Amino acid sequence: MSDPVDPTTPRRKPKPEVTRLGGRKLKPSTLMMGYGYDPLLSEGALKPPIFLTSTFAFESAEAGKRHFEGITGKRAGGAEGLVYSRFNGPNQEILEDRLGVWDGAEDALVFSSGMSAIATLLLAYCEAGDVILHSGPLYAATEGFIAKVMGRYGVTYLDFPAGAGREEIASKIAQAREMAEGQGGKLALIYLESPANPTNALVDIEAVSFERDAAFAAEPHPPIAIDNTFLGPLWQSPLKHGADVVVYSLTKYAGGHSDLVAGGVSGARQWMNPVRALRNTMGTILDPNTAWMLLRSLETLEIRMQRATENACRVCDFLKDHPKVEGLGFLGLLREGPQKDIYDRHCTGPGSTFSLFVKGGEAEAFRFLDSLKVAKLAVSLGGTETLASHPAAMTHLSVPDARKAALGITDNLVRVSIGIEDAGDLIADFEQALAAV
Ligand SMILES: Cc1ncc(COP(=O)(O)O)c(C=O)c1O
């Protein structure tokens, strides 16, 4: 008599993914509609249901044992299927598959915020005595986490300016290794942010990758991680330029509607495994409701980012010669020099977040901000609506004055994130707000 519960029966598999058609590789904008989800596994529901469950039933005790053997490494090949929602769930897995598509990444992980993604990554790679080498500036909370929190656990850091050339990068890598040796650790991670928040300064990823490879030759090397929030995933693909790990605040362009907070980390499985293990332990994973919202957002990501960028180009074209504007930090206006060279090699579009320097100081910048009628006065970026904020008095208030001055975060700097409204309406809004200055 056969056993009614066959312990070798695997869970039903989804149908194979179609990613090529007649020799043609399907584009991310096509794959966002269905990749990673088989409706027939969910009662035929065209869209994935939201799986609100904390745990998943095993088919048999033997299947449960096999699963844990896979998770703990007692059996090669890892674990298949789902077991507990602190580790993963269907909505998050579909989202991870789709996020990975954009960057051509083998694996991706989603988190409860951009900062929990970054914190989990840093904690996964660093031990006491280690050094993090990072570009500067970074998003203020990231800089604070590296300096203040990682510092408490014996991890130190060294930074280099975003625009640094090959020689300076090479010398900082050597310096960071020396520093690590002196404190009994290693150079654990090279962490970049490009474009940098809030200056839009670009980092030469190819140069960092070249110098890292040259410095480490055949030795095990530290991964290069990069925060790609401002341009990714549409306008910059850092894995193609030598980065190993891409980091996102998915709160921004990926979410795109200023209605959720989330983060992501993508890269080769080799680099993701330690991050996944720590996320499993800490539970910094994204919740299923927000994952579902992000699946919806990713369907329109390309058209939203394209439209916002077109709008930003038109608005900046209007602003660039305005008598009350001292300058613009917009990637679409780079004309020559090393930053333009990096832009041409790494970026396929300028995005829609830029710095506007109003003639005058804080008073003039505040008058401009208070006069905006269509654009909203709020921090954050990458939403469908246009936002404007004052970094020196808001997001970067805690940055020491000397560092602010060195980074060009001045009192007349307004950071703008252009949305997908009508470009003519946005120009009219900026025109009347500048008239009020
Ligand atoms: C470049 C960059 N990285 C990371 C973050 C942090 O992301 P979150 O707010 O989703 O935690 C932000 C937030 O503004 C950001 O601008």
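Located above this text is the structure these notes cover.
Residues numbered from 1 in each chain as written. Predicted model: local features only at pLDDT ≥ 70, side-chain atom pairs only at ≥ 80, totals over all residues. Heavy atoms only, no water.

A. Representation of the overall build of the protein chain in the model. Broken down by element type, the protein chain carries 14 helices and 14 strands. Against the globule reference of 22 Å for 437 residues, the protein chain gives a C-alpha radius of gyration of 23 Å, in line with a compact fold. C-alpha atoms of the protein chain, sized along the principal axes, occupy 90 × 55 × 40 Å. Sorting the 437 residues of the protein chain into buried and exposed places 51% on the buried side. Here the protein chain has roughly 19300 Å² of accessible surface; of this, 56% comes from carbon and sulfur atoms. The centroid of the 43 positive side-chain charges in the protein chain is displaced by 3 Å from the centroid of its 53 negative side-chain charges. (Helix = DSSP H or I, 4+ residues; strand = E, 2+ residues; numbered from the N terminus. Rg over C-alpha atoms; globule rule 2.2 N^0.38 Å. Buried < 20%, exposed > 50% of the residue type's maximum accessible area, 1.4 Å probe, protein only. Areas by Shrake-Rupley, 256 points an atom, 1.4 Å probe, with all protein chains shown as cover. Lys, Arg positive; Asp, Glu negative; His and termini not counted. Charge placed at Lys NZ, Arg CZ, Asp CG, Glu CD.)

B. Quick look at the site of the ligand. Around the ligand, 14 residues are found, and the nearest of them are M115, D227, S249, T251 and K252. Contact between the ligand and G114: an oxygen atom at 2.9 Å from a main-chain N or O atom of the residue. Contact between the ligand and D227: a nitrogen atom at 2.6 Å from a side-chain N or O atom of the residue. Protein contacts shield 91% of the accessible area of the ligand, which totals 400 Å² for the unbound molecule. For the shell around the ligand, the element with the highest residue contribution is helix α4 (residues 114-125), accounting for three residues. Grouping the constituent residues of the shell around the ligand by class yields five nonpolar, six polar and three charged. (Near = heavy atom within 4 Å. Polar contact = N/O pair within 3.5 Å; in protein donor to acceptor, adjacent residues only side chain to side chain. Nonpolar A, V, L, I, M, F, W, Y, C, P; charged D, E, K, R; others polar.)

C. Main features of the pairing of strand β3 (residues 107-111). For β3, the buried fraction is high: five of the five residues fall into the buried class. Here five bridges tie β3 to strand β9 (residues 263-267), and the two strands are oriented antiparallel to one another. The residue bridging A108 from the neighbouring strand is S266, located in β9. (Pairing = 2+ DSSP bridges.)

D. View of the packing of aromatic side chains. With the rule as written, the count across this model stands at five aromatic pairs. The cationic tip of R279 hangs over the ring face of F111; the distance from NZ or CZ to the ring centre is 5.6 Å. (Phe/Tyr/Trp six-rings, centres within 6.5 Å; stacked < 30°, edge-to-face > 60°. Lys NZ or Arg CZ within 6 Å of the ring centre and 35° of its normal.)

E. Region of the structure containing the sheet that holds β3. On the basis of which strands lie adjacent, the open sheet formed by seven strands has the order β3-β9-β8-β7-β6-β4-β5 and mixed pairing. Single-partner strands in this sheet number two, and they are β3 and β5 (156-161). Between one strand axis and the next, the sheet turns through 20° on average, direction left out of account. Sheet topology note: the strand β8 (residues 245-249)/β9 ladder contains five bridges and is antiparallel. Directly across from Y248, in β9, lies its bridge partner G264. Taken strand by strand, helix α5 (residues 140-152) contacts β4 (131-136), β5 and β6 (187-193), and its axis lies near 155° from that of β4. (Axes fitted to C-alpha atoms, helices over the stretch in contact; angles between N-to-C directions. Contact = heavy atoms within 4.5 Å.)

F. The pairing of β6, seen in detail. Taking burial as the measure, the seven residues of β6 include seven buried ones, the bulk of the element. Inspection of the sheet shows β4 paired to β6 by four bridges, in the parallel sense. Pairing of I132 across the sheet is with L189, part of β6. With four bridges connecting them, β6 and strand β7 (residues 224-227) associate as parallel partners. Bridging across to β7, E193 finds its partner in D227. Handedness of the crossover joining β6 and β7 through helix α7 (residues 205-216) is recorded here as right-handed. (Right-handed = clockwise from strand over helix to strand, strands pointing away.)

G. Structural context of a positive patch on the surface. Positive charge collects at one region of the surface, where R20, R24, K25, K27 and K240 lie side by side. Tracing the sequence through the fold places R24 in strand β2 (residues 24-25). (Patch = residues over 30% accessible without salt bridge, like charges linked within 9 Å, V, L, I, M, F, W, Y side chains within 5 Å. Salt bridge = Lys/Arg side-chain N within 4 Å of Asp/Glu carboxyl O.)

H. Quick peek at the nonpolar core. Grouped together as the largest cluster of nonpolar side chains are 36 residues, with contacts concentrated most on L95, L250, L286, L294 and L298. Residue assignment for this core shows that the elements contributing at least two residues are α3 (90-103), β3, β8, α9 (288-299), α10 (301-319) and α11 (338-346). With five residues, α3 is the single largest residue contributor to this core. Residues contacting L250, with those up to four places away along its chain left out, are L99, V110, G255, L260, A262, G263, G264 and L294. (Core = buried A, V, L, I, M, F, W, Y, C linked by side-chain atoms within 4.5 Å.)

I. Here's a closer look at a nonpolar patch on the surface. On the surface, a nonpolar cluster with roughly 250 Å² of combined accessible area is contributed by F58, F68 and I71. Its location among the elements puts F58 in the loop between α1 (28-31) and α2 (61-72). A residue is classified by how much of its surface remains accessible, and F58, at 34% relative accessible area, is partly exposed.

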